[in-house]
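Close look at the chain arrangement
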Amino acid sequence: MRHQVMKELGGSVTIVVLGASGDLAKKKTYPALFGLYRNGFLPEQTHIVGYARSSLDLNTFIERVTEHIKVTGDDAALLTRFVAKLSYISGSYSNDEGFQALNDHVSSWEQHQETCHRVFYMALPPSVFVEVARGLKRNVYNSRGSNRIIVEKPFGRDLDSSRELGKQLSQLFDELEIYRIDHYLGKEMVKNVMTVRFANIFFSQIWNRMNVDNIQITFKEPFGTEGRGGYFDDFGIIRDVMQNHLLQVLTLIAMEPPISTDSEAIRDEKVKVLRCIPPISLDDTLLGQYVGTEDGSKPGYLDDDSLSNKNSKTPTFASTVLWVQNERWEGVPFILKAGKALNAAKVEVRIQFRNVAGSIYRGAARNELVLKVQPDEAVYVKFNNKLPGLSYDTIQTDLDLSYRHRYTDLRIPDAYESLILDVLRNDHSNFVRHDELDASWKIFTPLLHQIDQHDPALEIHPYTYGSRGPQALDAFVARYGYDRSTSDYEWPVQNLKNK
């Protein structure tokens, strides 16, 4: 597979990281690139150029971008060889001179190569996306090979701004040259959803409204905005997590089987299912904002020093219910939950099946299929079993595939590492297409506008830092059929000695 990447590309590869002096580049982009190099997935003739406005000498830059690269044993020698592939150019994002200097630098390295490929990674705020893309197209666009541009979220603030951004980018780069990155699509368990669904006949037969009662997709962070309240206040939890990360997971859970594993076949089905989802109703939404702990050890959202609007109604927690109006899912609620300053760090999908019709085992728990995205990747099925021994009591147990136990010798790559490799392979499967983005914004924009305009019907529920969320949450999800008694199960170890 390593050699396949090199063979497909041919020639040299230059990866230009725009915004190379920023946090995203040093914490995610460069560690991911080193991970690919360490595992032999970067073509040998690869050069990585950092470009940013900061005036840094090369040694200072290298210290910065290697700060978050963890090395052990033989990795130290590999890191030395990786660093030899790095260079840095400082320049403006708003004039041609800087981009021309960047092009001269890249061209000097490519001059002996017959075929040259350029990958532009925009580790930048969205406010400069178009400006930088314009500078790249005018001055750094390559005529001797392929050009691929990676754009980080957020892709606009609503439907109109997303369309305008898309329109301006499409005037500069072809759709097949654009990779809109949502790093959740690079996570191992998210990539596994299609395999679980379509490679196992027992799942494919029950994956529908006749058997599924409800589906929850949950994102929990145990920390608040922590000095980033000013930034967060412009977006809120729905724009930050739900409209992109969680909705992408939903499309993989809900879409129809694609005709093949071809990237366009997969993205076609994702678009189709998004078009079956009407805009979210405020009646199907619960919003919250965290407050400080009673002992004052953890501040509330409004106490964040970087937050200028101390009367902000920006939600830090949201639970919304989406309805997929097609033959497979009619009437099944997809419950999305996301929040900051909660009691745990967790991302998971929980598919809860219907009660057994006419069951002779009263009180038996519902079956569930759970996909743990992070931490500790796992797939497990909750099912009912006879308590071992002379008793005929029914207990809940599991069929458990925990990656840390089953795949002890395999390293799970970082999401960015996986997605950058997809770019090198020219595989668009795990990137967001323009019509997919359009369909997703149609679902969320009306609700977001109600929040932005402080609709009088809008209620923001306070919840304590470190709690499970607003007190109204349990009643809210119960309205949509979720049976919480199943969650009392202790996973994955069950002690029967005291039964």
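It should be emphasised that the depicted structure is a prediction, and the values quoted were computed from it without experimental measurement.

1. Some remarks on the overall build of the protein chain
When helices and strands are tallied, the protein chain shows 16 helices and 15 strands. Relative to the compact-globule value of 23 Å for 499 residues, the protein chain shows a C-alpha radius of gyration of 24 Å, a close match. In terms of principal-axis extent, the alpha carbons of the protein chain reach across some 75 × 50 × 45 Å. By the burial criterion, 53% of the 499 residues in the protein chain qualify as buried. Sequence separation of 24 or more characterises 78% of the internal contacts of the protein chain that already satisfy a separation of 6 or more. Approximately 23000 Å² of the protein chain is accessible, and the part contributed by carbon and sulfur atoms is 48%.

2. Examining the packing of helix α12 (residues 263-274) against helix α15 (residues 434-452)
Each packed pair of helices is defined by two parameters, the angle between the axes and the distance between the axes. Contact geometry of α12 with α15 gives a least axis separation of 9 Å together with a crossing angle of 20 degrees. Accordingly, the angle class assigned to the pair α12 and α15 is roughly parallel. The way α12 lies across α15 gives a crossing that is left-handed. Here Arg267, Lys270, Val271 and Leu274 of α12 come into contact with α15, specifically with Asp435, Glu436, Ala439, Ser440 and Ile443. Residues of the contact of α12 with α15, tallied by class, amount to 4 nonpolar, 1 polar and 4 charged.

3. Considerations on the UniProt feature "domain: Glucose-6-phosphate dehydrogenase NAD-binding" (unreviewed entry) in the protein chain
According to UniProt, the "domain: Glucose-6-phosphate dehydrogenase NAD-binding" (unreviewed entry) feature falls on residues 16-192. Between the C-alpha atoms that bound residues 16-192 the distance is 30 Å, and the span itself is 43% helix and 18% strand.

4. Considerations on the sheet that holds strand β4 (residues 116-122)
Within the open sheet, the 6 strands sit side by side as β3-β2-β1-β4-β5-β6. Their pairing is parallel. Each end of this open sheet is capped by a strand with a single partner; those strands are β3 (86-90) and β6 (178-181). Across the sheet, the axes of successive neighbouring strands diverge by a mean angle of 20 degrees, strand direction being ignored. Strand direction decides the pairing type here: strand β2 (residues 46-52) and β3, joined by 5 bridges, are parallel. Along β3, the bridge assignment pairs Tyr51 with Ile89. This element, helix α3 (residues 58-65), spans β2 and β3 of the sheet and lies at about 115 degrees to β3.

5. Re the side chain of Gln243
Examined against the element boundaries, Gln243 turns out to sit in helix α11 (residues 236-254). Its relative accessible area of 6% is what places Gln243 among the buried residues. Within the local environment of Gln243, its side chain forms a polar contact with the side chain of Ser440, the two groups lying 2.9 Å apart. In this structure, Gln243 is in contact with Ile238, Leu437, Ser440, Trp441 and Phe444, ignoring residues within four places of it in sequence.

6. Here's the deal with the pairing of strand β7 (residues 212-220)
Within β7, 9 of the 9 residues are buried, which leaves the element mostly enclosed by the surrounding structure. Judged from the 8 bridges that link them, β7 and strand β11 (residues 346-353) form a sheet pairing that is antiparallel. For Val212, the partnering residue across the bridge sits in β11 and is Phe353. As judged from the 6 bridges shared by β7 and strand β10 (residues 333-339), these two strands associate in the parallel manner. Across the sheet, the residue bridging to Gln216 is Ile335, located in β10.

7. Here's the deal with the pattern of salt bridges
Evaluation of the coordinates by the stated rule reveals 26 salt bridges. A salt bridge links Glu368 to Arg350, with the shortest nitrogen-to-oxygen separation between them at 2.7 Å. Of this pair, Glu368 sits in strand β12 (residues 368-374) while Arg350 sits in strand β11, and the two are 18 residues apart along the sequence. Grouping residues by exposure puts Glu368 and Arg350 together as buried.

8. Some points on the confidence of the model for the protein chain
The predicted model of the protein chain has a mean per-residue pLDDT of 87, with 91% of residues at 70 or higher. Within the protein chain, no element has a lower average pLDDT than helix α1 (residues 2-9), which sits at 50, and none a higher one than strand β9 (residues 317-323), at 97.

9. Considering unusual backbone geometry
Following Gln374, the chain continues into Pro375 via a peptide bond in cis, with omega recorded as -15 degrees. In this structure, Pro375 sits in the loop between β12 and β13 (378-386). In this structure, Glu226 is a non-glycine residue whose phi angle is positive, near 45 degrees. Looking at the element boundaries, Glu226 is found in the loop between β7 and α10 (229-232). What makes Glu226 partly exposed here is its relative accessible area of 46%.

10. Quick notes on the domain arrangement of the protein chain
Here the protein chain is partitioned into domain 1 (1-152) and domain 2 (185-409 + 457-480). Taking the mean C-alpha position of each, domain 1 and domain 2 sit 35 Å from one another.

11. Description of the packing of aromatic side chains
In total, this model carries 19 aromatic pairs according to the counting rule given. Ring geometry for Tyr290 and Tyr465: centres 5.5 Å apart, planes at 90 degrees, overall edge-to-face. In this pair, Tyr290 sits in strand β8 (residues 285-291) while Tyr465 sits in the loop between β15 (460-464) and α16 (473-478), placing the two residues 175 residues apart along the sequence. Of the two residues, Tyr290 and Tyr465, neither departs from the other in class, the shared state being buried. Between Phe476 and Tyr480 the ring centres are 5.3 Å apart and the planes differ by 65 degrees, which places this aromatic pair in the edge-to-face class.

Quick notes on the rules
Residues numbered from 1 in each chain as written. Predicted model: local features only at pLDDT ≥ 70, side-chain atom pairs only at ≥ 80, totals over all residues. Heavy atoms only, no water. Helix = DSSP H or I, 4+ residues; strand = E, 2+ residues; numbered from the N terminus. Rg over C-alpha atoms; globule rule 2.2 N^0.38 Å. Buried < 20%, exposed > 50% of the residue type's maximum accessible area, 1.4 Å probe, protein only. Contact = heavy atoms within 4.5 Å. Areas by Shrake-Rupley, 256 points an atom, 1.4 Å probe, with all protein chains shown as cover. Axes fitted to C-alpha atoms, helices over the stretch in contact; angles between N-to-C directions. Parallel < 35°, antiparallel > 145°, perpendicular 65-115°, else oblique. Left-handed = near helix turned anticlockwise from the far one by under 90°. Nonpolar A, V, L, I, M, F, W, Y, C, P; charged D, E, K, R; others polar. UniProt positions renumbered as here; feature names shortened; annotations may be inferred. Pairing = 2+ DSSP bridges. Polar contact = N/O pair within 3.5 Å; in protein donor to acceptor, adjacent residues only side chain to side chain. Salt bridge = Lys/Arg side-chain N within 4 Å of Asp/Glu carboxyl O. pLDDT = per-residue confidence, 0-100. Domains from an automatic or database assignment. Phe/Tyr/Trp six-rings, centres within 6.5 Å; stacked < 30°, edge-to-face > 60°.

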